[in-house]
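# Inside the fold
These are the residues of each chain, in order.
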Amino acid sequence: MSQPPRIDMAPVAALHRSIRDAVGAVVIGQHEAVRFAVVTILCRSHSLIEGVPGLAKTLLVRTLASCLGVRFGRVQFTPDLMPSDIIGTPLLDPSRAELRFRAGPLFTDLLLADEINRASAKTQAALLEAMQERAATVDGTRHELGPHFTVFATQNPVEHEGTYPLPEAELDRFLFKIVMQYPAEAEERALLARHHAEDAVAPAPARVVSPEELERARELVRAVIVRDEIAAYVASLVRATRTELHFALGGSPRAGLLLLRAAKALAALDGRDFALPEDVQEAWLATLRHRVVLDPAAEVEGLVADEALRRTLESVTVPR
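Throughout this description, residue numbers start from 1 for each chain and increase along the sequence as written. With pLDDT at 70 or above as the cut-off, local features in this predicted model cover only qualifying residues; side-chain atom pairs require 80 or more to be listed or tallied, and sums for whole chains, interfaces and linings still use all residues. Only heavy atoms go into the side-chain values, all of them from the structure, while hydrogens and water stay out.

## Description of the overall build of the protein
This is how the line gets drawn: Runs of H or I in DSSP of at least four residues are treated as helices and runs of E of at least two as strands, each being numbered from the N terminus. Put simply, the radius of gyration uses C-alpha atoms, and a globule should come to 2.2 Å times the residue count raised to 0.38. Exposure categories follow from relative accessible area, calculated using a 1.4 Å probe and restricted to protein chains: below 20% of the type maximum is buried, above 50% is exposed, and the middle band is partly exposed. The criterion used for residue contact is that any of the two residues' heavy atoms lie within 4.5 Å.
If you tally the helices and strands in the protein, you get 13 helices and 11 strands. In terms of C-alpha radius of gyration, the protein reaches 21 Å, essentially the compact-globule figure of 20 Å for 320 residues. Along the three orthogonal principal directions, the C-alpha set of the protein runs to about 70 × 50 × 45 Å. When each of the 320 residues of the protein is scored for burial, the buried share is 49%. For the protein, the proportion of contacts with a sequence separation of at least 24, taken over those separated by at least 6, is 78%.

Next comes the structure, spelled out in structure tokens:
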């Protein structure tokens, strides 16, 4: 049986290196967060970013927008924020005696939804609907969002007073939940050495990727080969979360689809035109941690979602 022709994934690997190096010149450390953010964009998806204040969540997304040469927008979510504050509203144009739509901050390319869990359920739903449809409808008129539209929504894992947790059905629409950790000691020393002066603010990097290169990379990611064994491995992993006693709610079929899509992107970042079990394993925690709900008994025992998911990963046979 003849082998399918190989697909050159060098452009995707080169794109990743260019973005990683440019972002790394501004954001010290957080290599996993940068890698998963690039995958989010290549997959035309959206991601949650969780971390305590001061870990460069905003800086990461702003720098990423500079590297791609796209627009950056930021909305600070508060309990009194209304859907029209994000989407926009029709305004009367006196010169033409007609209503004209005034676009809100939603109409950008990379949108940072800061502390999304502080907004009311109504406002959260308006944003998540736009994420799903990649458009917003106002007074019966549909307004398309751009081809680069991507939402990175942040959550503070420490402060819960005055917050409105996102329902599981809405969390399921995010590709990843990226958890940003404190930097390692060497990274924190490098950070202090670079920024100890008040005016030592790193300038935004120049664009390193053209729109054509980004679109080409997205096409290549879609073309990554997935063997039947890899697809079966993904299905077995997701289905295992539905039978494990640790979980009150397991992963949905959408979780499997997005896990496979993320594995394909990770393979392309490494220059391969085929997915491996290791790609699935790398994406496993970030893709599933916000989609599963622990059983109350497991929570009483002190088990957390990541540890329960690691146990599930170890329990499923890896294809060879």
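Alright, that's what it looks like, and here's the rest.
## Some words on the confidence of the model for the protein
Low pLDDT means the predicted coordinates in that region are not meant to be read closely. Basically, it comes down to this: pLDDT expresses how confident the predictor is about each individual residue, on a scale running from 0 to 100.
In the predicted model, the protein carries a mean pLDDT of 89, and the fraction of residues at 70 or more is 95%. Model confidence for the protein, summarised as mean pLDDT per element, is weakest for strand S4 (residues 98–103) at 79 and strongest for helix H11 (residues 277–288) at 97.

## As for the pattern of salt bridges
Applied cut-off: We count a salt bridge whenever a side-chain nitrogen from Lys or Arg sits within 4 Å of a carboxyl oxygen from Asp or Glu.
Scanning all chains against the criterion turns up 21 salt bridges. For Arg35, the salt bridge is made with Glu282, and the minimal N-O distance between the two is 2.7 Å. Of this pair, Arg35 sits in helix H2 (residues 31–42) while Glu282 sits in helix H11, and the two are 247 residues apart along the sequence. A salt bridge links Asp172 to Arg254; the nearest nitrogen and oxygen atoms lie 2.9 Å apart. Of this pair, Asp172 sits in the loop between helix H6 (168–171) and strand S9 (176–179) while Arg254 sits in helix H10 (residues 253–269); the two residues are 82 residues apart in sequence, bridging distant segments of the chain. The exposure class assigned to Arg254 is partly exposed, which follows from its relative accessible area of 31%. Each of the salt bridges in this network shares a partner with another, and the network as a whole consists of Arg35, Asp270, Arg272, Asp279 and Glu282.

## With respect to the environment of Leu294
Here Leu294 is to be found in strand S11 (residues 293–294). Spatially, the C-alpha atom of Leu294 lies 8.7 Å from that of Gly250, the residues being 44 residues apart in sequence. Apart from residues lying up to four places away in sequence, Leu294 is in contact with His246, Phe247, Ala248, Glu299, Leu303, Val304, Ala305 and Ala308.

## Details of the nonpolar core
The following threshold applies: For this analysis, a nonpolar core means a set of buried residues of the types Ala, Val, Leu, Ile, Met, Phe, Trp, Tyr and Cys, connected via side-chain atoms within 4.5 Å.
Formed by 73 residues in total, the largest nonpolar core has its most connected members in Val12, Val39, Leu42, Leu64, Phe152 and Phe176. For this core, the element with the most residues is H10, which contributes 10 residues. Residues Leu106, Ala119, Leu127 and Phe149 belong to the second largest nonpolar core, which totals 26 residues.

## Examining helix H8 (residues 211–222)
Let me state the cut-off plainly: A helix is expected to span 1.5 Å for every residue after the first. Of all possible arcs, the one meant is that of the directions from the helix axis to the C-beta atoms.
The end-to-end C-alpha distance of H8 is 17 Å, a good match for the 16 Å that 12 residues give at a rise of 1.5 Å each. Taken residue by residue, H8 has Leu214, Ala217, Arg218, Leu220 and Val221 as its buried positions. Taken around the axis of H8, the buried residues stretch over an arc of 160°, which confines them to a single face. The inward-facing, buried residues of H8 abut helix H1 (10–24), H2 and H10.

## As for the sheet that holds strand S8 (residues 150–155)
Note the threshold: When DSSP finds two or more bridges between two strands, those strands count as paired. Helix axes are fitted to C-alpha atoms over the stretch in contact, other axes to C-alpha atoms as well, and angles between N-to-C directions run from 0 to 180 degrees.
Spatially, 5 strands are ordered S2-S5-S8-S1-S9 in an open sheet, and the strand pairing comes out parallel. At either end of the open sheet lies a strand with only one pairing partner, and these are strand S2 (72–76) and S9. The average angle at which neighbouring strand axes cross in this sheet is 20°, direction not considered. As judged from the 5 bridges shared by S2 and strand S5 (residues 110–114), these two strands associate in the parallel manner.

## What about the packing of aromatic side chains?
How we decide: Only rings of Phe, Tyr and Trp enter the pairing, Trp through its six-membered ring, and a pair is recorded when the two centres are within 6.5 Å. The plane angle decides the type: under 30 degrees is stacked, over 60 is edge-to-face, the rest tilted. Ring-over charges, as used throughout, are those where CZ of Arg or NZ of Lys falls within 6 Å of the ring centre and within 35 degrees of the ring normal.
Under the definition given, this model contains 1 aromatic pair. Residues Phe36 and Phe176 carry aromatic rings whose centres are separated by 4.7 Å and whose planes lie at 45° to one another, so their mutual orientation is tilted. Placement of Phe36 in helix H2 and of Phe176 in strand S9 is noted, with a sequence separation of 140 residues between them. By the burial criterion, Phe36 is buried, and Phe176 matches it. Sitting over the ring of Phe274, Arg272 keeps its end group 5.8 Å from the ring centre.

## Description of the environment of Ala10
Considering the arrangement of structural elements, one finds Ala10 in helix H1. Placed 215 residues apart in sequence, Ala10 and Ile225 show a C-alpha to C-alpha distance of 15 Å.

## Quick notes on the packing of helix H9 (residues 228–243) against H10
Helix-helix packing: each pair is described by the crossing angle between the helix axes and the interaxial distance. Inclusion rule: With respect to orientation, any angle under 35 degrees is reported as roughly parallel, any angle over 145 as roughly antiparallel, any angle of 65 to 115 as roughly perpendicular, and every other angle as oblique. Left-handed describes a crossing whose near helix is turned anticlockwise from the far helix through less than a right angle; right-handed describes the clockwise counterpart. When residues are sorted by character, Ala, Val, Leu, Ile, Met, Phe, Trp, Tyr, Cys and Pro go into the nonpolar class, Asp, Glu, Lys and Arg into the charged class, and all the rest, Gly among them, into the polar class.
H10 packs onto H9 with a crossing angle of 140° between their chain directions and a minimal axis gap of 9 Å. In terms of axis orientation, H9 runs oblique to H10. As H9 packs across H10, the resulting crossing turns out to be right-handed. Judged by residue contacts, Ile230, Val234, Val238 and Arg242 of H9 engage Pro253, Ala255, Gly256, Leu259 and Leu260 from H10. A per-class count over the contact of H9 with H10 returns 7 nonpolar, 1 polar and 1 charged.

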